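Given next are the chains, with one letter for each unit.
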6 protein chains.
Amino acid sequence: MLLHLSTWPEVEAYLSHSTGIILPIGSTEQHGPTGLIGTDAVTAEAIARGVGDEVSAIVGPTINVGMALHHMAFPGTMSLRPSTMIQLVQDYVTSLAKAGFTKFFFINGHGGNIATLKAAFAETYAHLADLNLSNAHLVRCQVGNWFTCSSVYKLAKELYGDREGSHATPSEVAVTQYLYPSAIKQAPLSAEVGSGHAIYSATDFRRRYPDGRMGSDPSLATPEHGKQFYDLAVKELSGYYLEFLNSD
Amino acid sequence: MLLHLSTWPEVEAYLSHSTGIILPIGSTEQHGPTGLIGTDAVTAEAIARGVGDEVSAIVGPTINVGMALHHMAFPGTMSLRPSTMIQLVQDYVTSLAKAGFTKFFFINGHGGNIATLKAAFAETYAHLADLNLSNAHLVRCQVGNWFTCSSVYKLAKELYGDREGSHATPSEVAVTQYLYPSAIKQAPLSAEVGSGHAIYSATDFRRRYPDGRMGSDPSLATPEHGKQFYDLAVKELSGYYLEFLNSD
Amino acid sequence: MLLHLSTWPEVEAYLSHSTGIILPIGSTEQHGPTGLIGTDAVTAEAIARGVGDEVSAIVGPTINVGMALHHMAFPGTMSLRPSTMIQLVQDYVTSLAKAGFTKFFFINGHGGNIATLKAAFAETYAHLADLNLSNAHLVRCQVGNWFTCSSVYKLAKELYGDREGSHATPSEVAVTQYLYPSAIKQAPLSAEVGSGHAIYSATDFRRRYPDGRMGSDPSLATPEHGKQFYDLAVKELSGYYLEFLNSD
Amino acid sequence: MLLHLSTWPEVEAYLSHSTGIILPIGSTEQHGPTGLIGTDAVTAEAIARGVGDEVSAIVGPTINVGMALHHMAFPGTMSLRPSTMIQLVQDYVTSLAKAGFTKFFFINGHGGNIATLKAAFAETYAHLADLNLSNAHLVRCQVGNWFTCSSVYKLAKELYGDREGSHATPSEVAVTQYLYPSAIKQAPLSAEVGSGHAIYSATDFRRRYPDGRMGSDPSLATPEHGKQFYDLAVKELSGYYLEFLNSD
Amino acid sequence: MLLHLSTWPEVEAYLSHSTGIILPIGSTEQHGPTGLIGTDAVTAEAIARGVGDEVSAIVGPTINVGMALHHMAFPGTMSLRPSTMIQLVQDYVTSLAKAGFTKFFFINGHGGNIATLKAAFAETYAHLADLNLSNAHLVRCQVGNWFTCSSVYKLAKELYGDREGSHATPSEVAVTQYLYPSAIKQAPLSAEVGSGHAIYSATDFRRRYPDGRMGSDPSLATPEHGKQFYDLAVKELSGYYLEFLNSD
Amino acid sequence: MLLHLSTWPEVEAYLSHSTGIILPIGSTEQHGPTGLIGTDAVTAEAIARGVGDEVSAIVGPTINVGMALHHMAFPGTMSLRPSTMIQLVQDYVTSLAKAGFTKFFFINGHGGNIATLKAAFAETYAHLADLNLSNAHLVRCQVGNWFTCSSVYKLAKELYGDREGSHATPSEVAVTQYLYPSAIKQAPLSAEVGSGHAIYSATDFRRRYPDGRMGSDPSLATPEHGKQFYDLAVKELSGYYLEFLNSD
């Protein structure tokens, strides 16, 4: 059930039996010479919808632009500053909490979002308490990263070993190939690829990772792999969502 | 060309011949008993993509949640505060301006976004100048509201007369029916409908417009109408985009 | 009745029979070679006081500096950033709402303020609700632009036709001449004047409108015209105020 | 020379021989049973204009609402939060510094503004340096409080002794009586008056100072006294301004 | 009793008999060629602890970095912007007020903090009222500057006369020598020293005060003097604290 | 070398051979019935100073109050909101980067700080780039958590097994006992202790962890253990610092 394709009376009815909601969050950032700029957003959105179907939960609108400041030296990247993202997450959760939602499950496609999301959750809990909202103490936010699901991780290791890398990975590229087969890209990839450097400024990042990949070989990706990753992620995150929803 | 389905080298190539970009912006808010909560976002996104195809422009990620504070008394509504939205728009435009984009065409599906968007544009121009960005003085932002296109307006008047209203209108509902025929909703609509009241707080809004409609009769909408509106909006906004892009 | 020339017990007494207040808002910005930098502030202030007398309403302090970022390439211009102005309006309205005021009628002299004012109103309604203020849902803000009064517009068209233009207009200059006859300025005006360009950054604005005028011929202004405009604006806005005050 | 009654070419001409500007700042707050709510604003504005005439300096628009949070328990009081006021002062000074002004002399009518003004000056200097503005290092802001001029203080002591008090003082009331003789108020004043308490929250303030006066007997004020105070303040602040302007 | 060396049940027990707390606040800024960068923080912390012992009050964590923007042209200086410091102070006081503390005594080592602290107090009182906190109206904040204690001032005048100056003073250096005898520094001091200039930007400050001292001769300091100053400050501030705590 | 016990010429000299600095960051929050409220701050500070001695690096002032919103239901806890902490960290790093520092090593004593610190680093890199600071691209920030050092973790497991827990742990309590033997606390500890619950709001946290401990048995701590942990942490973090400093 997509919030965007529902009416307000349908949401009201939904709230009478569940106060959980899934919010997809991605990023709009370079993913190497062949990875899609929207990789993190389109994978998070598709997987979130898969989970929503599986567990009969409402799925809210996708946060398409996340925290990608370190990718800013590559054209096409867009980023919120963390302080903006905190305000945005607070506005999202506050809007929905006022209507009665209490369990917010963020299905996330981008590692760079995690720290700011956690900061935003803490700021939001305190904000809701300050508003004297009656259900403030019940509000809970959780991040479910599809790419760190253990089943996903295991398969990526099996298929790609060390060539999975940590950005513009074959696993995430595979999911986009599965979702958008007409957008599969070809480009020469250097054999050598930056790897293992800590992340600092955008300028430094590009110096370390000149084509945007971090230790990955996305040429290994196939749409068939993508379907496998998608299925595993949906299954594992569905379990997490239900556990979260049913936690007291 | 969708930014999300492009790679960074493709964006780099695009920038060598155009510095224009289309950004869809909608809202996540109640649209009466039968209108979709995502109406403004899904219509803006679809029309923006249609324009992008028509004029070979890149289309960025959709801003799904806009300024809908006055709809907050209906469940399912989400809103940014205007001050958050200003920061968000500034972050979006600044990210892209740093890469070389200068013409930002926001295709908008929600009247309530307009004021804050304009405030955000002013704040952003000043911000870019303060950054001493070399292309700061070239950056231009413009809003194209699909629902105020003269061709759209004319057809709505022809088809619905006064029953078009100003929120949860048959014209916007029709476009969603065309885009998502499986999400056409049925619900009883009272004959009487609030109309003509100024917009103040969320509580006041619901008092004036108890089922969320503003003077509209969305039961008049059909998917076929929706296609007509879609086609007209794409055509008219394509013209506006090209004029904007080519303005010196 | 001016708030500035009242005592707090007088305000307390006023509140026992009315909760309306008029707040003048202008701008401090270039108005072409002969227009006063304070045009928008002094006209808004004078007209607001005229309305206040007419309808026995209290008139608050003038917001002298508004949103004029696009005029910043001309010396003497001052501007708030929109995000500052939102905070300012919120502080103003919140201060007065806590004392019991609920109807805020902003008499405005500057088109560039409108978008940010509307954004500020939305932010403020939500803020007041978040404060759990008992009268939050009753608070209403409205903008009354003296220069868009239909009677004013009609007279300007009659007197000046197309030479009214849209900034540093003869009508607004006329009102300042009526109010400050000793500050009537003379300067050569080029026959050609920029017109019809959209407004973007301050640098772009000055390129388009090199002497600051937008399509106007302020040399047509006379103090006698000014008195006519003043009288019309006071009369028309007095009607609007009473309607607003008496709306349920 | 009033900025509001000048044109931009006049400001440009002024800047060729002086980069100093006077900015009046007051407050909109209760001043006891007989003092005007606008006392601090109207006195600062009038004295600033007097100084401007005396020293041929340009006088900018009055900041009518200042930092008066502690007076908020009395109706009619309006206040900026300090964080808003910092942004406002930064916007004012930045606007004018970009045009070439470097010496900002704030003529102040309200003790409660001083701390926040000083904080704002520090924030602004750093902001201007961060903008890489060429004249950033030359920008200087100074507060001149008319009510702490030594000549004013001396006369107040002579005329009123201890009954001068520290808020709603006969000296400030006298200046308003001189400026607005038609707004001289009469109301019974209790013999006892709160005095000597530190200032904390608005609620606490009203408990300590139930009618708003702080140790003062404003019934001693006369318009003739007001003229004396006005003349002394203008003279003394004119000297300070010139010294400030000419400091290297 | 140090908050940092207490447990939460001990704090709970303390709150049953006192709601007062001492918060040391200093700065991290240049103090001339021989003064310690932490002078204001280490003296405030030590004196606060001395007072805490004397009056059996709890002493909270030291705010080590304050408002020192004007010292920023000297390496080693750190500063909060005033707007950051306001948020920080608000967060500190709000945290503790929610637990029941109401009397906040800031023992301050840096003149440059005073204005921003006062602004922060005002902002905080209003914030607490907006939270509808039950004890909001009881919260009181006060600054006790050890260096302006009359006994300290008197001794400094006796020992150093005009060579006390106003920054990097022998009195404050003496206290650091008493506290950290192993960190007594030697460096040549020019006979001439800047003095009497107003404080504007960091660049201007360094031009006026090239070695960082303001009219002072810190070579006069001795650890023995330091002990005297310390003892006087502890005694005098202990009296102030008790008076503050016992005020109704 | 402590920044607080250095002079500005000493810092200038230091910068000629190193641009690294260590910044301790802790928290002020409940640590169960026997743990010190300052545990995270005092351990981070002591270990940071140990590392500073070991590697001859300058150690800046301790950030005593961090992100502890989830502990706010226990008296004595203080917290910054994440958005405040981001501004604070940005101000700290910006101050020092302007003077030439580029390698910022935060020695951290509190898990709850990590997410917000990382968000702050990202925001700061972008801010420095926006300032056009010449060394912006060289600035690097890194967190070194003493409690996650592998040697520390290994010893804790050996000494305490599962009774180490994750908050108010015997290992951190042991370090405080070593540092402040006179502040060793005794209090009855329930045999049962909350464990394994995710962290949401402060109210929820206290419900899950009624005495503040998270799965830990701090009664196992001894000062001797504390010395061992301290030594291991200093050694391991010294290695990390040097590696960080020497990274190109």
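Parameters at a glance
Throughout this document, residue positions are counted from 1 along each chain, in the order its sequence is written. Chain labels run from A onward and ligand labels from 1 onward, assigned in the order the entries are written. The predicted nature of this model means local features are confined to residues of pLDDT at least 70 and side-chain atom pairs, given and counted, to a pLDDT of 80 or more, with totals for whole chains, interfaces and linings taken over all residues. With hydrogens and water excluded, all non-hydrogen atoms of the structure serve as input to the side-chain values. Where helices and strands are cited, they refer to DSSP runs of H or I of at least four residues and of E of at least two residues respectively, numbered from the N terminus. Counted as a polar contact is a pair of N or O atoms within 3.5 Å, where, for protein atoms, one must be capable of donating a hydrogen and the other of accepting one, and residues adjacent in sequence contribute only when both atoms are in side chains. Pairs of residues are marked as contacts when any of their non-hydrogen atoms sit within 4.5 Å. Three labels apply to residues, based on accessible area from a 1.4 Å probe with only protein chains included: buried if under 20% of the type maximum, exposed if over 50%, partly exposed otherwise in between. A pair of strands is treated as paired once DSSP finds two or more bridges between them. For this document, the term salt bridge refers to a Lys or Arg side-chain nitrogen within 4 Å of an Asp or Glu carboxyl oxygen. We place the copies in one frame by least squares, fitting the C-alpha atoms of every residue whose pLDDT is at least 70 in both. Interaxial angles span 0 to 180 degrees and are taken between N-to-C directions of axes, which are lines fitted to C-alpha atoms, for helices over the stretch in contact. In short, buried area is how much 1.4 Å probe accessible area vanishes from two parts on joining, totalled over both. Here, the term right-handed applies to a crossover whose path from the first strand over the helix to the second runs clockwise when the strands point away from the viewer.

Looking now at the side chain of Thr 62 of chain A. Mapping Thr 62 of chain A onto the fold places it in the loop between strand S2 (58-59) and helix H3 (82-99). A polar contact is formed between the side chain of Thr 62 of chain A and the side chain of Glu 45 of chain A, at a distance of 2.5 Å. With near-sequence residues (within four places) excluded, Thr 62 of chain A lies in contact with Pro 24, Ala 41 and Glu 45 of chain A together with Asn 64 of chain B.

What follows covers the environment of Gln 90 of chain A. Note that Gln 90 of chain A resides in helix H3. Taking relative accessible area as the criterion, Gln 90 of chain A reaches 5% and is therefore assigned buried. In the structure, Gln 90 of chain A is positioned 89 residues away from Met 1 of chain A in sequence and 23 Å away in space, judged by C-alpha atoms. Filtering out sequence-adjacent residues up to four positions away, Gln 90 of chain A remains in contact with Glu 123, Thr 124 and His 127 of chain A together with Arg 81 of chain B.

Another aspect to go through is the pairing of strand S1 (residues 20-25) of chain B. All names here are of chain B. Along S1, 6 of the 6 residues are buried, which leaves the element largely enclosed by surrounding structure. Bridge count between S1 and strand S2 (residues 58-59): 2 bridges; the pairing is parallel. What sits directly across from Ile 21, in S2, is Ile 58.

Per the counting criterion, the structure on display carries 72 salt bridges over all chains. Between Asp 248 of chain C and Arg 207 of chain B there is a salt bridge, with the nearest N and O atoms lying 3.9 Å from each other. Here the residue Asp 248 of chain C occupies a position in the segment after helix H8 (223-246), and Arg 207 of chain B occupies one in helix H7 (residues 202-208), the pair thus bridging two chains. On the accessibility criterion, Asp 248 of chain C (56% relative accessible area) is exposed. What makes Arg 207 of chain B partly exposed here is its relative accessible area of 48%. Notably, a salt bridge pairs Glu 158 of chain D with Lys 154 of chain D, separated by 3.5 Å at the nearest N-O pair. Here Glu 158 of chain D pairs with Lys 154 of chain D, and both are found in helix H5 (residues 150-160), just 4 residues apart, close to one helical turn. Overall, the relative accessible area of 56% leaves Glu 158 of chain D in the exposed class. One connected set of salt bridges, linked through shared partners, spans Arg 140 and Asp 248 of chain A together with Asp 204, Arg 207 and Arg 208 of chain F.

Moving on: the environment of Thr 77 of chain E. Mapped onto the fold, Thr 77 of chain E is located in the loop between strand S2 (58-59) and helix H3 (82-99). Not counting residues up to four positions away in its chain, the partners in contact with Thr 77 of chain E are Thr 28, Glu 29, Gln 30, Ala 68, His 71 and Met 72 of chain E together with Ser 95 of chain F. A distance of 3.2 Å separates the side chain of Thr 77 of chain E from the backbone nitrogen of Gln 30 of chain E, its partner in a polar contact. Here Phe 74 of chain E takes part through its backbone oxygen, which lies 3.1 Å from a polar atom of the side chain of Thr 77 of chain E.

Next up on the list: the relation of the copies chain B and chain A. Here chain B sits on chain A after a turn of 180 degrees about the axis and a move of 0.0 Å along it, with an RMSD of 0.0 Å. With respect to symmetry, the two chain copies, as superposed, fit the operation of a two-fold axis. Residue Thr 84 of chain B, judged by its C-alpha, is the member of chain B lying nearest the rotation axis, at 3.4 Å. Looking at the interface residues of chain B, 100% of them are also at the interface in chain A, so both copies use one shared face.

Once that is clear, we can look at the arrangement of the chains. One thing to see here is that chain A and chain D don't touch, and their nearest C-alpha atoms sit 17 Å from each other. Regarding chain C and chain F, the two do not touch, and the least distance separating their C-alpha atoms is 17 Å.

Turning our eyes to something else, we now look at the sheet that holds strand S4 (residues 140-145) of chain A. Residue and element names in this part refer to chain A. Reading across the sheet, the 4 strands line up as S2-S1-S3-S4 and stay open at both edges, with parallel pairing between neighbours. Either end of the sheet is taken by a strand with one partner, and the two such strands are S2 and S4. Against the sheet, helix H4 (residues 114-130) touches strand S1 (20-25), strand S3 (103-108) and S4, its axis set at about 170 degrees to S4. Each of S1, S3 and S4 touches helix H8 (residues 223-246); the most contacted strand, S3, lies at about 160 degrees to it.

Moving on, we get to the interface of chain B and chain A. With 54 residues of chain B at the contact, the number on the chain A side is 54 residues. In terms of surface lost to chain A, no three residues of chain B exceed His 4, Leu 5 and Trp 8 of chain B, which account for 19% of the buried area on that side. Summed over the shared surface of chain B and chain A, the result is 4 salt bridges. For Arg 81 of chain B, the salt bridge is made with Asp 91 of chain A, and the minimal N-O distance between the two is 2.8 Å. At the junction of chain B with chain A, the criterion picks out 22 residue pairs in polar contact (both at pLDDT 80 or more). Counting only elements with at least two residues in the side of chain B that touches chain A, the list comes to helix H1 (8-15), helix H2 (39-55) and helix H3 (82-99) of chain B. Here the side of chain B that touches chain A gets 10 residues from one element, more than from any other, and that element is H3 of chain B.

In this section: the pairing of strand S3 (residues 103-108) of chain B. Residues and elements named next belong to chain B. In terms of burial, S3 is a largely internal element, 6 of the 6 residues being buried. Residues Lys 103, Phe 105 and Ile 107 of S3 are buried on one face, and the alternating residues Phe 104, Phe 106 and Asn 108, pointing to the opposite face, are buried as well. By the bridge criterion, 6 bridges tie S3 to strand S4 (residues 140-145) in an arrangement that is parallel. Across the sheet, the residue bridging to Ile 107 is Gly 144, located in S4. Each parallel crossover has a hand, and the one from S3 via helix H4 (residues 114-130) to S4 is right-handed.

Spatial relationships are all this shows, so hold off on functional conclusions.
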